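# Understanding the architecture of this molecule
Spelled out from the first residue to the last, the chains are:
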Amino acid sequence: DARQLAFPDGAFDLSFHKGFWSCFADDGEIAKLFREQLRVTRGIALALVHNARNTRMRDLFRRKAASDNLYKVRFYQPEELIEIARRGLADAAVEATVAVRGFGGPDWMHGRLCARLGPRLRGRLAAVAYRWTPLGRAESLVLEVVRKTS
């Protein structure tokens, strides 16, 4: 149960997940999950979610969702992530700095051309292409929370 992890407080320097919050529609529930992530993290907590500002990616997922439920995911605005972080931090009584960044590869990484490439070449391209990206083009939004140390 991600709301009650079997780890002591501050067990990890870094915690990370990608797309996990897409499984939840309720922001209150997500804030609880984030509070628990913060509890077990003494350093940096990262959450990667689908970026609502990338309209090409959103439209691609909408088209694919018609025939594949895997693509029926929630996309987030940066402001939603800030609010979730604010609620989770308040509930956990934690002081931290919060930032939202764009991350991911260019849209062509998900196109037909890239699909025709072998996994090895695709991996090499991804290593070069995946980086911090402007919010409008980013595949993912990264919620980055760095706990303040006493």
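Here's what I pulled together on the structure shown here. (Residues numbered from 1 in each chain as written. Predicted model: local features only at pLDDT ≥ 70, side-chain atom pairs only at ≥ 80, totals over all residues. Heavy atoms only, no water.)

### Notes on the overall build of the protein chain
Scanning the protein chain from terminus to terminus reveals 5 helices and 6 strands. Written out in order from the N terminus, the α and β elements of the protein chain read β-α-β-α-β-α-β-α-α-β-β. Counting over 150 residues, the protein chain shows a buried share of 37%. The contacts in the protein chain between residues at least 6 apart in sequence include a share of 79% that link residues at least 24 apart. Of the roughly 9,000 Å² that the protein chain leaves accessible, carbon and sulfur atoms contribute 55%. (Helix = DSSP H or I, 4+ residues; strand = E, 2+ residues; numbered from the N terminus. Buried < 20%, exposed > 50% of the residue type's maximum accessible area, 1.4 Å probe, protein only. Contact = heavy atoms within 4.5 Å. Areas by Shrake-Rupley, 256 points an atom, 1.4 Å probe, with all protein chains shown as cover.)

### Points about the pairing of strand β1 (residues 12-18)
In this sheet, strand β2 (residues 41-51) lies alongside β1 in parallel orientation, the contact comprising 6 bridges. Looking at β2, one finds that F12 is bridged to T41. Where the polypeptide runs from β1 across helix α1 (residues 27-39) and back to β2, its parallel neighbour, the crossover connection is right-handed. (Pairing = 2+ DSSP bridges. Right-handed = clockwise from strand over helix to strand, strands pointing away.)

Just distances and angles here, no functional claims.
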